Amino acid sequence: MINPSSACSIPSPGSSLTPIRGDRPTALIIGGGVIGASSAYELGKAGFACTLLDKGGWSQEASTAAAGMLGAQVEIHQPGPFYDLCRASLAIYRGWAEELEDAGGIPVQYIPEGIVRAAMTADDEHELRSRLPWMQDASWLTAEELLRIESELSPGILGGLHLPEDHQVHPVWLAKSLRAALARQGCLVREWTPATRLLTDCTGSVCGVATPEGELRADLVVLAAGAWSSPLTEPLGLKLPIFPVKGQCISVRTDAPLIRSTVFTKGCYIVPKSDGSYIIGATQEQAGFDKRAHVSTIAGLYEKAAALLPRIADAEFVSTWTGLRPGTEDELPFLGTWEHAPGLIFATGHYRNGILLAPVTGKVVASLALGAAPELDLAPYAPGRAAGSRGQEIPLTL
Ligand SMILES: Cc1cc2nc3c(=O)[nH]c(=O)nc-3n(C[C@H](O)[C@H](O)[C@H](O)COP(=O)(O)OP(=O)(O)OC[C@H]3O[C@@H](n4cnc5c(N)ncnc54)[C@H](O)[C@@H]3O)c2cc1C
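Quantities reported herein were computed from a predicted structural model and do not represent experimental measurements. Here, residues in each chain are numbered from 1, in the same order as that chain's written sequence. The model is predicted, so local features are restricted to residues of pLDDT at least 70 and side-chain atom pairs to those at 80 or more, both for listing and for counting; the totals for chains, interfaces and linings are taken over all residues. For the side-chain quantities, the full set of heavy atoms in the structure was used; hydrogens and water were omitted.

Glancing now at the site of the ligand. Proximity is defined per residue: any heavy atom of the residue falling within 4 Å of a molecule or strand makes that residue near it. The full set close to the ligand counts 39 residues, and Asp54, Ser63, Met69, Tyr351 and Arg352 are the nearest of them. Within the contact set of the ligand, an oxygen atom lies 2.6 Å away from a side-chain nitrogen or oxygen of Asp54. Each polar contact in these results corresponds to two N or O atoms within 3.5 Å; when the atoms are within protein, one needs to be able to donate a hydrogen and the other to accept it, and residues that are neighboring in sequence are counted only if both atoms are side-chain atoms. At 2.8 Å, a backbone N or O of Arg352 approaches a nitrogen atom of the ligand. Areas reported as accessible are Shrake-Rupley estimates using a 1.4 Å probe. Residue values count occlusion only from the protein chains shown. When isolated, the ligand has an accessible area of 1,000 Å², and the protein chains bury 98% of it. Put simply, the parts of the chain that give the shell around the ligand at least two residues each are helix H1 (34–45), helix H2 (62–65), strand E11 (242–253), strand E15 (316–328) and helix H9 (354–370). Classes in brief: Ala, Val, Leu, Ile, Met, Phe, Trp, Tyr, Cys and Pro nonpolar; Asp, Glu, Lys and Arg charged; the others, Gly included, polar. Considered class by class, the residues forming the shell around the ligand number 22 nonpolar, twelve polar and five charged. Starting at the N terminus, helices and strands are each numbered in turn, a helix being any DSSP run of H or I of at least four residues and a strand any DSSP run of E of at least two.

Either an automatic procedure or a domain database provided the assignment from which the domain bounds are taken. If you check the domain split of the protein, you get domain 1 (1–112 + 166–240 + 329–398) and domain 2 (115–164 + 243–328). Computed from C-alpha coordinates alone, the two centres of domain 1 and domain 2 are separated by 29 Å. Note on definitions: buried area is the accessible-area loss of two parts on being combined, 1.4 Å probe, summed for both. Approximately 2,900 Å² of surface area, both sides summed, lies buried where domain 1 meets domain 2, with 59% of it carried by carbon and sulfur atoms. Contact with domain 2 buries area across many residues of domain 1, yet Gln73, Val74 and Tyr351 alone supply 20% of it, more than any other trio. In the sections that follow, a salt bridge refers to a side-chain nitrogen of Lys or Arg positioned within 4 Å of a carboxyl oxygen of Asp or Glu. In this assembly, domain 1 and domain 2 are joined by two salt bridges. The shortest N-O distance in the salt bridge between Glu61 and Lys291 comes to 2.9 Å. Applying the counting criterion to the domain 1 and domain 2 interface returns 18 residue pairs in polar contact (both at pLDDT 80 or more). Those elements giving two or more residues to the side of domain 1 that touches domain 2 turn out to be H2 and helix H3 (81–104). In the side of domain 1 that touches domain 2, the residues fall into 17 nonpolar, 13 polar and eight charged.

Moving on: the packing of H3 against helix H6 (residues 171–185). Across the interface, H3 lies against H6 with an axial gap of 8 Å and an inter-helix angle of 55°. Accordingly, the angle class assigned to the pair H3 and H6 is oblique. The two elements H3 and H6 meet at a crossing, and its hand is left-handed. Seen from H3, the contacting residues are Tyr93, Trp96, Leu100, Glu101, Ala103 and Gly104; seen from H6, they are Leu174, Ser177, Leu178, Ala180, Ala181 and Arg184. Of the residues in the contact of H3 with H6, the class split is eight nonpolar, two polar and two charged. As a rule, the C-alpha atoms of each element are fitted with a line to give its axis, helices using only the stretch in contact, and angles between N-to-C directions run from 0 to 180 degrees. An angle below 35 degrees is read as roughly parallel, one above 145 as roughly antiparallel, one from 65 to 115 as roughly perpendicular, and any other as oblique. In this scheme the crossing of two helices becomes right-handed for a clockwise turn of the near helix relative to the far one and left-handed for an anticlockwise turn of less than a right angle. Whether two residues are in contact is decided by their heavy atoms: any pair within 4.5 Å suffices.

To estimate the expected span of a helix, subtract one from its residue number and multiply by 1.5 Å. Look at H6: 21 Å from first C-alpha to last across 15 residues, which is about the 21 Å you get at 1.5 Å a residue. Partly exposed residues are those whose accessible area sits between 20% and 50% of the maximum for their type, while under 20% is buried and over 50% is exposed, using a 1.4 Å probe and protein chains only. Here H6 has its buried residues at Pro171, Leu174, Ala175, Ser177, Leu178, Ala180, Ala181 and Leu182. Looking at the buried positions of H6, the neighbouring elements they touch are H1, strand E2 (49–53), H2, H3 and H9. Phi turns positive, to about 90°, at Gly186, one or two residues after H6.

In the structure shown here, the tally under the stated rule is 20 salt bridges. Across the pair Arg311 and Glu152 runs a salt bridge, and its minimum N-O distance is 2.9 Å. Here the residue Arg311 occupies a position in the loop between helix H8 (295–308) and E15, and Glu152 occupies one in the loop between helix H5 (143–149) and strand E5 (159–163), the gap between them amounting to 159 residues. Arg311 gets classed as partly exposed once you look at its relative accessible area, which sits at 40%. A relative accessible area of 24% places Glu152 in the partly exposed class. Put simply, Arg190 and Glu213 hold a salt bridge, and the shortest N to O gap is 2.8 Å. In this pair, Arg190 sits in strand E6 (residues 188–190) while Glu213 sits in the loop between strand E8 (206–211) and strand E9 (214–217), placing the two residues 23 residues apart along the sequence. Arg190 sits in the partly exposed class, given a relative accessible area of 24%. The exposure class assigned to Glu213 is partly exposed, which follows from its relative accessible area of 49%.

In structure tokens, the structure reads:
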């Protein structure tokens, strides 16, 4: 996969070359969200000298707007490769989080409490129970059993799935932790530096990016620009169907804890954090890149939360915010390479599950960069599917 500087990849006059970083291969990562950061971290471990660019400040988009659920069970509604990918990431999460904490000294606030997926209607109960035959770490609890675990839940609950392995992290602390770990690795982070265009050499290989400050070149480029990814590949002839899906959230705080587990029902979840706050989320809206929060929407979210956990009404209001998930048409990420753009690794379109999928994505990116043999089937995530092809099989290991 590594494409050492080819004879024809001559930089344009005035371009600033990627700094000489010894004998190590170089990687440019576009996007400093959780996916770009985890990719840079794993590439750094694999021996790459990394430069990470963000159009804004560090991790200010979807990755810090998230609730932090590691919802490998709760988010997936059918068995298949994506369920397996989510579970693979969940399986390595705790060790990965500890490794990050050791590397950078900042805790990600991993909380090993599970999720209760509560049914409020008979239809919802029916649909949830139908998932049980294929789910790996789930059991059905009656209303009585649920109330024994979480006594403040509404007595109107009909029962629910108990998902003890779907833990959580704090996305803001995860972002800080990744940044500290990258600093220790020597990764160059360039904030307020948008990649405006991918550069290709005369063989068609991607060999860098253009920025307002000049061109940057590297042995490989990782596209991790979240909801903003699509325009960068269009000039290469690949229109990625990635679009922003707005989520509005609220944060509240109580003096005494109301719940230990994350509680989740149709259209609303409440995630208790270690500082006594709760994240209540989240809407799903296709509103372009508009990040405004709206009173009526937030009020609707609050009503759903109060129906699930009535005493949330007594909580102190803390804040509200929105984030733009990188949505895709088939709700699957673009993870892999594309035969028509050697030198480019795609790690984008993680939609509702980017926090969960960060460790496995970083490891896949590093494996692709090293050209290692596959252990996970990446065909469902092939970037080429956007152009109607499944793309070329590239060896990879995990
Ligand atoms: C309200 C909400 C709740 C969520 N809850 C959860 C959850 O509980 N669990 C979970 O797993 N997931 C959750 N998600 C989804 C998760 O946040 C996303 O899947 C994940 O953050 C995507 O990460 P990313 O790095 O691809 O994107 P982003 O975090 O959006 O990062 C992309 C980065 O690329 C930068 N960028 C864009 N274009 C360029 C360019 N041209 N040049 C340089 N930089 C560029 C952007 O500035 C940005 O920093 C939630 C999302 C939202 C909005």
